[in-house]
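Structural overview for review
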Amino acid sequence: MQTQMKGKDFITLQEWNNDEIDTLLDVSFDLKRKFAMGVDTPYLLRKTAFLMFFEQSTRTRNSMEAGLAQLGGHANFLDTSTMQVSHGEVAKDTGVILGSYGHGIACRNCFWEIGNDYIRNLAKHAKVPVMNLQCDLYHPMQGLADLMTIQEKKKDTRNLKVSVIWAYATSHKKPISVPLTQVLLFPRYGMDVTLAYPKGYELPDWVIEQARENAKKNNGKLTITHDQEEAYRDADIVIPKNWGSWVSNKSDDVIDDLLEANKYWKCTEELMSLAKDDVMYMHALPADRGNEVEDSVIDGPHSIVFDEAENRLHTAKAVMSVTMGSK
Ligand code: CP
């Protein structure tokens with residue numbers, strides 16, 4: 001177990017080794033247990049984190065705000081449309097200044113080919129740890145909560161067939177950051193990951209290369225298919241979720257011919273019946289109900305989406321505690 005993460009940026013889980021991630025998970029489980037028992041956890045007493053949001057959020061914002069209150073500190077929510085960044089102030093100036101006012105900066109910026117660079121620029125110049133609350137490429141807070149949930153439910157993650165499956169949605173053109181994070185992370189924990197999507201919804205080639213390397217080093221597996229039935233068949237966990245065709249098409253348009261041609265990529269009870277009897281259905285949420293998934297699945301006995309969302313609170317607290325803490 002690693003204990004020297006104070007000041008470490010949390011931008012991707014690729015930059016955290018397995019020992020460090022194991023510490024985050026251990027701290028998350030401890031914080032969850034203490035929360036259940038009403039035990040105080042004042043690990044960040046009087047510390048401040050600034051939460052910059054370029055986009056909407058329910059889980060990420062509130063898990064960070066409630067989480068930091070539970071740790072004895074204060075999370076300052078910043079809608080970036082009310083900040084000088086909307087008049088062109090650069091990441092360097094914002095990072096230096098917010099870093100001098102508090103103990104951490106967290107940011108969500110999902111603009112394609114901008115978000116990750118913006119967060120890295122904040123981190124380069126801020127003297128406090130910077131946490132990625134989702135960018136165009138990564139969603140490490142979600143990935144960590146997903147891993148915690150899988151460990152909690154299945155104990156041994158090795159050789160589990162976990163299928164990350166594209167699904168139809170019309171709500172908005174969603175980032176690729178959730179599936180990207182999952183295909184990189186899960187093989188590091190020995191999972192047998194199947195990535196399924198219709199042609200046109202590829203993840204970047206460098207991601208697949210890194211995911212295969214992660215799998216090789218950690219006895220995991222990565223299989224790619226364009227057949228959703230193959231992904232559901234005998235799966236232990238299915239994660240059907242929409243992502244945008246950003247790699248092949250930079251347009252912000254939500255609905256196009258490619259999307260409409262793949263309307264049948266929906267998580268149905270029929271597809272779920274191909275999986276193992278005790279299959280678990282996961283989704284980072286928000287779900288586009290009726291499009292990505294039938295209500296009877298997301299509200300049914302296989303769904304663990306609310307446990308997954310709840311774990312966002314405890315993993316967020318763990319990340320803040322170990323990066324902003326006093327050791
Ligand atoms: N899963 C997730 O990041 O949810 P929010 O967009 O509501 O934060």
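These numbers were taken from a predicted model, which means no experiment stands behind them.

A complete count under the given rule lists 16 salt bridges for this structure. Where Glu-20 meets Lys-8, a salt bridge forms, and the shortest distance between an N and an O atom there is 3.8 Å. Within this pair, whereas Glu-20 is found in helix H1 (residues 18–37), its partner Lys-8 is found in the segment before H1, the two being separated by 12 residues in sequence. Classification of Lys-8 by relative accessible area gives partly exposed; the value is 23%. Ionic pairing is found between Glu-152 and Lys-32, a salt bridge with its closest N-O pair at 2.8 Å. Of the two residues, Glu-152 sits in helix H5 (residues 140–154) while Lys-32 sits in helix H1, which places them 120 residues apart along the sequence.

Moving on to the side chain of Thr-41. On the secondary structure map, Thr-41 appears in the loop between H1 and strand S1 (48–53). A polar atom in the side chain of Thr-41 sits 3.0 Å from the backbone oxygen of Gln-70. Residues contacting Thr-41, with those up to four places away along its chain left out, are Leu-31, Lys-34, Gln-70 and Leu-71.

Below, the discussion takes up the sheet that holds strand S4 (residues 130–135). Across a sheet, paired strands are connected by hydrogen bonds in the backbone, their directions being either parallel or antiparallel. Pairing within the open sheet is parallel, and its four strands lie in the order S2-S1-S3-S4. A strand with exactly one partner marks an edge of an open sheet, and here the two such strands are strand S2 (74–79) and S4. Averaged over all adjacent pairs, the angle separating strand axes in this sheet is 15°, with direction ignored. Of the strand pairs in this sheet, strand S3 (residues 104–109) and S4 are connected by four bridges, and their pairing is parallel.

This brings us to the packing of aromatic side chains. A full pass over the atoms with the stated rule returns nine aromatic pairs. A ring pair is formed by Phe-10 and Trp-16, whose centres lie 5.4 Å apart and whose planes are at 85°; its orientation type is edge-to-face. Given the relative accessible area of 0%, Phe-10 is considered buried. Look at Trp-16 and you get buried, because its relative accessible area is 0%. Considering the side-chain rings of Tyr-138 and Trp-206, the 6.5 Å spacing of their centres and the 50° angle between planes classify their relative orientation as tilted. Linking Tyr-138 in the loop between S4 and H5 with Trp-206 in helix H7 (residues 205–217), this pair joins segments that are 68 residues apart in sequence. Residue classification places Tyr-138 among the buried residues on the basis of a relative accessible area of 9%. For Trp-206, a relative accessible area of 36% gives the class partly exposed. A cation over a ring is seen here: Lys-8 above Trp-16, with NZ or CZ 5.2 Å from the ring centre. For the cation-ring pair, Lys-173 lies above Trp-246, with the distance from its terminal atom to the ring centre recorded as 4.4 Å.

On to the sheet that holds strand S7 (residues 221–225). With respect to topology, five strands assemble into an open sheet ordered S7-S6-S5-S8-S9, the strand pairing being parallel. Both edges of this open sheet fall to S7 and strand S9 (280–281), since each of them pairs with a single strand only. In this sheet, strand S6 (residues 192–196) lies alongside strand S5 (residues 161–166) in parallel orientation, the contact comprising five bridges. Paired with Lys-161 across the strands is Asp-192, a residue of S6. Against the sheet, H7 makes contact with S6 and S7, and its axis sits at roughly 145° relative to S7, the strand it touches most.

Here we take up the pairing of strand S8 (residues 237–241). Consecutive residues of a regular strand have side chains that alternate between opposite faces of the sheet. For S8, the buried fraction is high: five of the five residues fall into the buried class. A two-sided burial pattern is seen for S8, the buried positions comprising Ile-237, Ile-239 and Lys-241 on one face and Val-238 and Pro-240 on the other. For S5 and S8, the ladder comprises five bridges, and the chain directions are parallel. In the sheet register, Trp-166 faces S8, and the bridge partner there is Lys-241. For S8 and S9, the ladder comprises two bridges, and the chain directions are parallel.

Here is what the cut-offs are and how they apply
Residues numbered from 1 in each chain as written. Predicted model: local features only at pLDDT ≥ 70, side-chain atom pairs only at ≥ 80, totals over all residues. Heavy atoms only, no water. Salt bridge = Lys/Arg side-chain N within 4 Å of Asp/Glu carboxyl O. Helix = DSSP H or I, 4+ residues; strand = E, 2+ residues; numbered from the N terminus. Buried < 20%, exposed > 50% of the residue type's maximum accessible area, 1.4 Å probe, protein only. Polar contact = N/O pair within 3.5 Å; in protein donor to acceptor, adjacent residues only side chain to side chain. Contact = heavy atoms within 4.5 Å. Pairing = 2+ DSSP bridges. Axes fitted to C-alpha atoms, helices over the stretch in contact; angles between N-to-C directions. Phe/Tyr/Trp six-rings, centres within 6.5 Å; stacked < 30°, edge-to-face > 60°. Lys NZ or Arg CZ within 6 Å of the ring centre and 35° of its normal.

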